[in-house]
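# Fold and geometry: a report
The lines below spell out each chain.
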Amino acid sequence: MTTDMGASLPQPTSFDRAVSLGLAGQREQSLQLLCGLLEKDPLRAAPLLYLGELLEGYGEAEGAGFAFTAGLDLATQSGSLPLAIAALQRLVQLGVEVETPRQALALLFCRDSAALLGAGALPPAMTAARLSQLPPSEPLSGDGLLAHALGLAREAAELTSTTEGAAAPSVPRLPLFSSLDATGLAELSRLFEGVWVDAGSQVIEQGSTGAEAFVLARGELEVLRRSGGGEVQRLARLGVGTMFGEMALLSRTPRAASVVAVRPSLVLVVRADLLDDLVTEHPELGRSIADFCRRRMIDNLLRTSRVLARLDATERRRLVQHFVTRSWEEGARVVCQGDPPEGLHLIASGEVSVVVHQDGESTVLAKLGVGEVFGEMALVLRRPASADVVALVPTVTLHLPSQVFLDVMKAFPELLSELFTLAVERDQETSNVVAVEAFEVDDQVLV
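Remember, it's a predicted structure, so these values are computed and weren't measured experimentally.

### So, the sheet that holds strand β14 (residues 395-401)
In space, the four strands of this open sheet follow the order β7-β14-β9-β12, with antiparallel pairing throughout. Each end of this open sheet is capped by a strand with a single partner; those strands are β7 (324-328) and β12 (373-374). Note: strand β9 (residues 343-349) against β14, six bridges, orientation antiparallel. By the bridge assignment, H345 is partnered in β14 with H399.

As structure tokens, this is what we get:
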């Protein structure tokens with residue numbers, strides 16, 4: 001994960017600075033900051049998880065286990081499933097048995113859990129508590145600092161263990177996770193790996209081929225798209241609990257945008273090949289994940305498509321119910337020049353090339369990407385396709401078959417108007433290109 005595309009960075013917190021120092025190899029300075037934070041408030045899951053990372057780096061596996069265990073308990077109590085999964089993963093790597101807390105976590109966050117809050121609701125904040133036996137320290141270094149950090153980790157674990165047997169907390173509903181049953185959620189949680197990234201680090205690179213999906217467990221990320229002219233457009237900010245990059249779980253389409261950390265962040269990563277193996281054993285889990293990814297793909301398309309912009313949000317969602325998802329391998333000819341209209345395509349991911357053939361010559365008219373449409377000229381102008389459309393990379397489209405096109409357009413006249421305007425514009429562009437080609441082939445010069 002490399003630095004790129006200069007995201008606008010917020011003012012760093014003390015914990016941000018601690019993580020940045022640790023990632024830069026300045027472990028002692030990082031540990032000093034973390035100790036100061038945890039002296040004031042030990043009930044903070046993310047700082048405890050990073051404390052565990054540092055202690056393991058010092059070779060203190062037992063102390064790291066205390067920190068990860070306390071982080072797991074606190075993440076669960078505060079309703080942060082991604083942080084809890086990250087803690088589980090680190091405990092497994094230390095050789096700690098975690099099957100009981102994993103199953104408890106799955107029961108707490110699964111779709112049938114009575115602890116799930118309503119959509120958008122957040123669990124109550126936990127009360128801060130200063131450590132009683134370890135007062136704020138004088139500046140420490142070396143072995144004294146390490147011993148102090150070990151004491152903080154141990155006492156945090158003791159403090160959080162006193163909550164055992166308490167009533168289950170109320171927890172938020174999370175995309176994908178809360179749509180799974182307890183078995184599916186427990187199995188999925190095994191596949192994630194937690195990765196700490198510094199501010200400015202590029203988590204996803206636009207144009208690269210995706211092989212994993214991500215969940216943000218701590219921090220903040222920004223989605224950026226670079227145009228062909230080099231201009232960078234900021235599309236969104238991603239907060240904790242957000243899943244992104246999930247198209248890699250459906251197809252091998254190139255990444256449509258870059259994702260960059262705007263502050264030090266903890267990201268959960270799941271590899272597509274590991275997930276493929278899991279859904280082979282649990283087909284119902286595969287269906288749930290596929291349904292989630294398709295919904296997310298449609299949501300993204302609704303926000304970016306020019307032809308859908310004239311419809312309100314409710315109309316857009318009604319409209320896309322008439323489309324079917326289709327996948328195309330690189331080089332596949334989606335539309336053939338001269339064929340009758342076969343339907344309208346909205347590009348959900350990937351890229352296509354529009355190519356016209358005339359007198360043995362081929363001319364590329366355009367390259368179309370995410371959110372753009374093709375097939376409208378043949379449908380609206382009622383004539384055979386005027387060009388080939390070829391997938392330049394693995395591509396996914398939402399397809400509206402020609403058999404239902406007119407009925408759908410009657411229900412959405414604003415969309416028909418937009419498609420007619422687009423078809424006329426493209427028809428004129430095609431005519432102009434063909435005319436230029438014909439003139440050049442004739443090799444005449446007028447003076």
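### Here's the deal with helix α8 (residues 182-189)
Counting buried residues along α8, six of its eight residues qualify, which places the element largely inside the surrounding structure. What α8 keeps buried is the set A182, G184, L185, A186, L188 and S189. Close packing links the buried residues of α8 with α5 (81-93), α6 (99-109), α9 (272-281) and α10 (283-304).

### Details of the pairing of strand β10 (residues 352-358)
Burial analysis of β10 places five of its seven residues in the buried class, the great majority of the element. Linking β10 back to strand β11 (residues 361-368) in an antiparallel pair, the connection comprises two residues, with D359 at a positive phi of about 55°. Inspection of the sheet shows β10 paired to strand β13 (residues 388-391) by four bridges, in the antiparallel sense. Note on β13: the bridge partner recorded for V352 is A391.

### Brief notes about the packing of helix α3 (residues 45-57) against helix α4 (residues 61-77)
Packing of α3 against α4 leaves a shortest axis separation of 8 Å and a crossing angle of 165°. Taken together, the axis directions place α3 and α4 in an arrangement best described as roughly antiparallel. Crossing geometry of α3 relative to α4 is assigned as left-handed. Residues A45, L48, L49, L51, G52, E53, L55 and E56 of α3 touch α4, and the partners they reach there are G63, A64, A67, F68, A70, G71, L74 and A75. Split into classes, the residues belonging to the contact of α3 with α4 amount to eleven nonpolar, three polar and two charged.

### What to know about the sheet that holds strand β8 (residues 333-335)
Within the open sheet, the four strands sit side by side as β8-β13-β10-β11. Their pairing is antiparallel. Looking at which strands have only one partner, the edges of the open sheet turn out to be β8 and β11. The mean angle between the axes of side-by-side strands here comes to 35°, regardless of whether they run parallel or antiparallel. Pairing of β8 with β13 involves two bridges; the strand directions are antiparallel. Bridge pairing in β13 places V335 opposite V389.

### Remarks on the pairing of strand β6 (residues 258-271)
With respect to burial, β6 is a largely interior element, 13 of its 14 residues being buried. As paired strands, strand β1 (residues 193-197) and β6 are joined by five bridges and run antiparallel to one another. Of the residues in β6, the one forming a bridge with V195 is V267. In this structure, strand β2 (residues 202-204) lies alongside β6, joined through two bridges in antiparallel fashion. Counterpart to I204 in the pairing with β6 is V259. Pairing of strand β3 (residues 212-226) with β6 involves eleven bridges; the strand directions are antiparallel. Within β6, the position partnered with R218 by the bridge is L266.

What counts and how
- Residues numbered from 1 in each chain as written.
- Predicted model: local features only at pLDDT ≥ 70, side-chain atom pairs only at ≥ 80, totals over all residues.
- Heavy atoms only, no water.
- Pairing = 2+ DSSP bridges.
- Helix = DSSP H or I, 4+ residues; strand = E, 2+ residues; numbered from the N terminus.
- Buried < 20%, exposed > 50% of the residue type's maximum accessible area, 1.4 Å probe, protein only.
- Contact = heavy atoms within 4.5 Å.
- Axes fitted to C-alpha atoms, helices over the stretch in contact; angles between N-to-C directions.
- Parallel < 35°, antiparallel > 145°, perpendicular 65-115°, else oblique.
- Left-handed = near helix turned anticlockwise from the far one by under 90°.
- Nonpolar A, V, L, I, M, F, W, Y, C, P; charged D, E, K, R; others polar.

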